[in-house]
Amino acid sequence: MGTNDEKYVFYGGSLEEPIEAGCRSLGELIIKRLKENGDGVAFIDGVSDERFTYADVLERSVRLANRFHRLGIKKNTVVAVMCENRIEMPIVTFAATYLRAIPILLNPGYTATELAHILKQTQPRAIFASPLAMATLQPLLRTVPSVKLAVQFGDQKPHPRVTLFRELFDRNRVQFVTFTPQPVELGDQVGLMVLSSGTTGLPKAVQLTHHNVMCVLAYMRENARLFPFEQIALGLLPFFHVYGYMVLMHSLLNGRQLVALPRFEPTLFLATVQKYRVTVASLAPPLMVFLAKHPLVEKYDLSSLVVLGCGAAPLSKELELAVLRRLPSVQMILVGYGLSETSLGVMTRASDLHGSVGKVNKLSWVKVVDVETGRTLGPGQTGEICVKGPLIMKGYLGNERATREMISRDGWLRTGDTGYFDEDANFYIVDRLKDLIKYKGFQVPPAELEAVLLEHPAIKDCAVVGRPDQAAGQLPAAFVVLQPGASLTESEVQQYVAERLSKQKHLRGGVRFLHEIPKTPSGKILRRELVALFPRAKL
């Protein structure tokens, strides 16, 4: 039975320090913190070992901002960045932010179709790309008249109309000490756009305000003080994802050294942790599976790792315990829950309450509501997670309808995730509303079946989806990736699940073996791609 009792609306509390730190814009805060951090090493390229100080980032971003000003980039001009993890990204995004322009972060792995949709939607005036991304982008440039400047990182010029990044910098070093960004309406001025993951359709541009980003940086700064050891962080999460970008911002502004990698490669990942004695690593769940199960992990010294962070997709209790058993130096796995639309995390767990996403973070309100009636639910009752507070996005660019569907008139954002809380206000995520499998009236959460499958020593990775069925509605079906050298039959996998879960959760839709589960760069399973295999392939 639902209730509208206010005691089931949870507030995480306020921060101890002012969010704005006396700054009238995000750009002003960036410059203030980079100056304070000075000549310390801020950023290390984990592939080349090239190092950059906070002062380097400050000087280069201000020099670029001066060039932007002469090129007519100003308030509300959209500047797109499309690259792997590299130092040029914060230099470009910070330069844009100083001028009250709006940086937008694009996935360098977008297809031409996805990219054409995004460019048409966001109308950037300038776009910066790595060589990999430029290969997709260049053929589209003539179809996007808004783009007046196309820039490529690196040394190879692919086309006369494309500018090399280094060509934008004057030879004379600018006096950046007196550079002061203009003030903004913090809660209204868009300071960053990221793309929703697009797992349920074409990506939408999420508008985050200067105040949204400053709130995240403030609570990350406060939380970092809980860990009194030298923080050397791994920058492996893609910077174009809100989670990865906030890790990058946190490191540069809050004085934490970051070792960046452009992509995940097993040997490179492990060797980097070992070489640089990384202490903090923020990872997506597929990498937690890797740490728990891959034989290569045993060959490297990962004893420097103290804290692992995990978000972007569900993390099962069993997987978490497997990582802790294998990496005894890890004192804590910080599990977070949030969305691009909430600027980052709204819940975090730092305890040993495995399976939970923890309690509500500071600055946020959270409640669980009945999907049908919208009534506020009490402990142990599963419904949709709703969030309110200063982390909520301004809205989707050019899509008021989608914004209204997601954010109510009184400011509550519907996350699209189902979950519940216990008597101690610890929250648990069940699954995406749209991902729940409807079997004969039962709601079957794919994440629960996936957690069970990953306990099998022969299974390296997996995904569960609903297979359309006339009689039952949907049948739970599994896609399985086996460990190297392992062998399992379909019936063995089905029997394994049947012995552990109730009848409605059995794999009646069958089991298919794949070499790889399709996922977004942040680790979310692309279930629509798997569902699309059904008409063409018999399970």
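Scope of this entry: the structure provided in the associated data block.

**Overview of the nonpolar core**
Move 1: With 154 residues, the main nonpolar core has F128 and L308 as its most contacted residues.
Move 2: Ignoring sequence-local partners within four residues, the contact set of F128 consists of F68, V79, A80, V81, M82, V92, L149, V151, F153, F165 and L168.
Move 3: M82, L115, V147 and V190 belong to the second-largest nonpolar core, a separate cluster that totals 25 residues.

**Concerning empty space enclosed by the protein**
Unoccupied space between atoms shows up once a probe the size of one water molecule is rolled over them.
Move 1: Within the structure shown, the criterion is met by one cavity of 30 Å³ or more.
Move 2: Empty space within the largest cavity amounts to approximately 40 Å³.
Move 3: Those elements that place two or more of their residues in the lining of the largest cavity are α1 (26-37), β9 (190-195) and α7 (242-254).
Move 4: Tallied by class, the residues present in the lining of the largest cavity amount to six nonpolar, two polar and no charged.

**Overview of helix α12 (residues 446-454)**
Think of an α-helix as 3.6 residues a turn; residues three or four steps apart then line up on the same face.
Move 1: The element α12 is largely enclosed, with a buried count of eight among its nine residues.
Move 2: For α12, the set of buried residues is P446, A447, L449, E450, A451, V452, L453 and L454.

**Quick word on the sheet that holds strand β21 (residues 413-421)**
Move 1: The strand order β1-β18-β19-β21-β22 describes an open sheet built from five strands, whose pairing is antiparallel. Lying at the two open borders of the sheet, with one neighbouring strand each, are β1 (10-11) and β22 (427-432).
Move 2: Note that β21 and β22 share five bridges and pair antiparallel. Across the sheet, T418 pairs through a bridge with D431, a residue of β22.

**Quick word on unusual backbone geometry**
Move 1: Residue A21 is not a glycine yet carries a positive backbone phi of 55°.
Move 2: Locating A21 in the fold gives a position in the loop between β1 and α1.
Move 3: We classify A21 as partly exposed; its relative accessible area is 21%.
Move 4: For R100, which is not glycine, the phi torsion reads 65° and is therefore positive.
Move 5: Within the element layout of this structure, R100 appears in the loop between α3 (88-98) and β5 (102-106).
Move 6: Its relative accessible area of 23% is what places R100 among the partly exposed residues.

**Quick word on the packing of aromatic side chains**
Move 1: Inspection of every chain in the model, using the stated rule, returns 17 aromatic pairs.
Move 2: Between F421 and F427, the aromatic rings sit 5.4 Å apart at their centres with planes inclined by 45°, giving tilted as the arrangement.
Move 3: Owing to a relative accessible area of 0%, F421 belongs among the buried residues under this scheme.
Move 4: Here a set of aromatic residues connected by ring pairs shows up, and it is made of F68, F128, F153, F165 and F169.
Move 5: The ring of Y396 has K204 sitting right over it, with the charged end atom 5.1 Å from the ring centre.
Move 6: Lying across the ring of Y496, R500 places its NZ or CZ 3.6 Å from the centre.

**Comments concerning the pattern of salt bridges**
Move 1: In this structure the tally under the stated criterion is 22 salt bridges.
Move 2: Between K519 and D461 there is a salt bridge; the shortest N-O distance is 2.8 Å. Pair noted here: K519 is in the loop between β27 (511-513) and α14 (527-531) and D461 is in strand β25 (residues 459-469), with a separation of 58 residues, a long-range link.
Move 3: Since its relative accessible area comes to 23%, K519 is described here as partly exposed.
Move 4: The shortest N-O distance in the salt bridge between E499 and R500 comes to 3.4 Å.
Move 5: Judged by its relative accessible area of 53%, E499 falls in the exposed class.
Move 6: Ionic contacts of the salt-bridge type, sharing partners, join the residues D435, E450 and R527 into one network.

**Regarding the sheet that holds strand β14 (residues 307-310)**
Move 1: Taken together, the nine strands give an open sheet; going across it, the order is β3-β2-β12-β11-β13-β14-β15-β16-β17, and neighbouring strands pair in mixed fashion. Looking at which strands have only one partner, the edges of the open sheet turn out to be β3 (51-53) and β17 (359-360).
Move 2: In this structure, strand β13 (residues 280-283) lies alongside β14, joined through four bridges in parallel fashion. Note on β14: the bridge partner recorded for V280 is V307.
Move 3: Here helix α10 (residues 317-326) sits on the sheet in contact with β14, β15 (332-338) and β16 (345-349), set at roughly 150° to β15.

**Points about the packing of α1 against helix α2 (residues 54-70)**
Move 1: Running from amino to carboxyl end, α1 crosses α2 at an angle of 145°, the nearest separation of the two axes being 7 Å. By crossing handedness, the relation of α1 to α2 is classed as left-handed. Touching I31, L34, K35 and N37 of α1 are Y54, V57, L58 and V62, all from α2.
Move 2: Grouping the amino acids of the contact of α1 with α2 by side-chain chemistry returns six nonpolar, one polar and one charged.

Calculation rules
- Residues numbered from 1 in each chain as written.
- Predicted model: local features only at pLDDT ≥ 70, side-chain atom pairs only at ≥ 80, totals over all residues.
- Heavy atoms only, no water.
- Core = buried A, V, L, I, M, F, W, Y, C linked by side-chain atoms within 4.5 Å.
- Buried < 20%, exposed > 50% of the residue type's maximum accessible area, 1.4 Å probe, protein only.
- Contact = heavy atoms within 4.5 Å.
- 1 Å grid on protein atoms, 1.4 Å probe; cavity = no way out; pocket = protein on both sides within 12 Å on 5 of 7 lines; lining within 4 Å.
- Points joined across faces, edges and corners; volume = space filled by probe spheres on them.
- Helix = DSSP H or I, 4+ residues; strand = E, 2+ residues; numbered from the N terminus.
- Nonpolar A, V, L, I, M, F, W, Y, C, P; charged D, E, K, R; others polar.
- Pairing = 2+ DSSP bridges.
- Phe/Tyr/Trp six-rings, centres within 6.5 Å; stacked < 30°, edge-to-face > 60°.
- Lys NZ or Arg CZ within 6 Å of the ring centre and 35° of its normal.
- Salt bridge = Lys/Arg side-chain N within 4 Å of Asp/Glu carboxyl O.
- Axes fitted to C-alpha atoms, helices over the stretch in contact; angles between N-to-C directions.
- Left-handed = near helix turned anticlockwise from the far one by under 90°.

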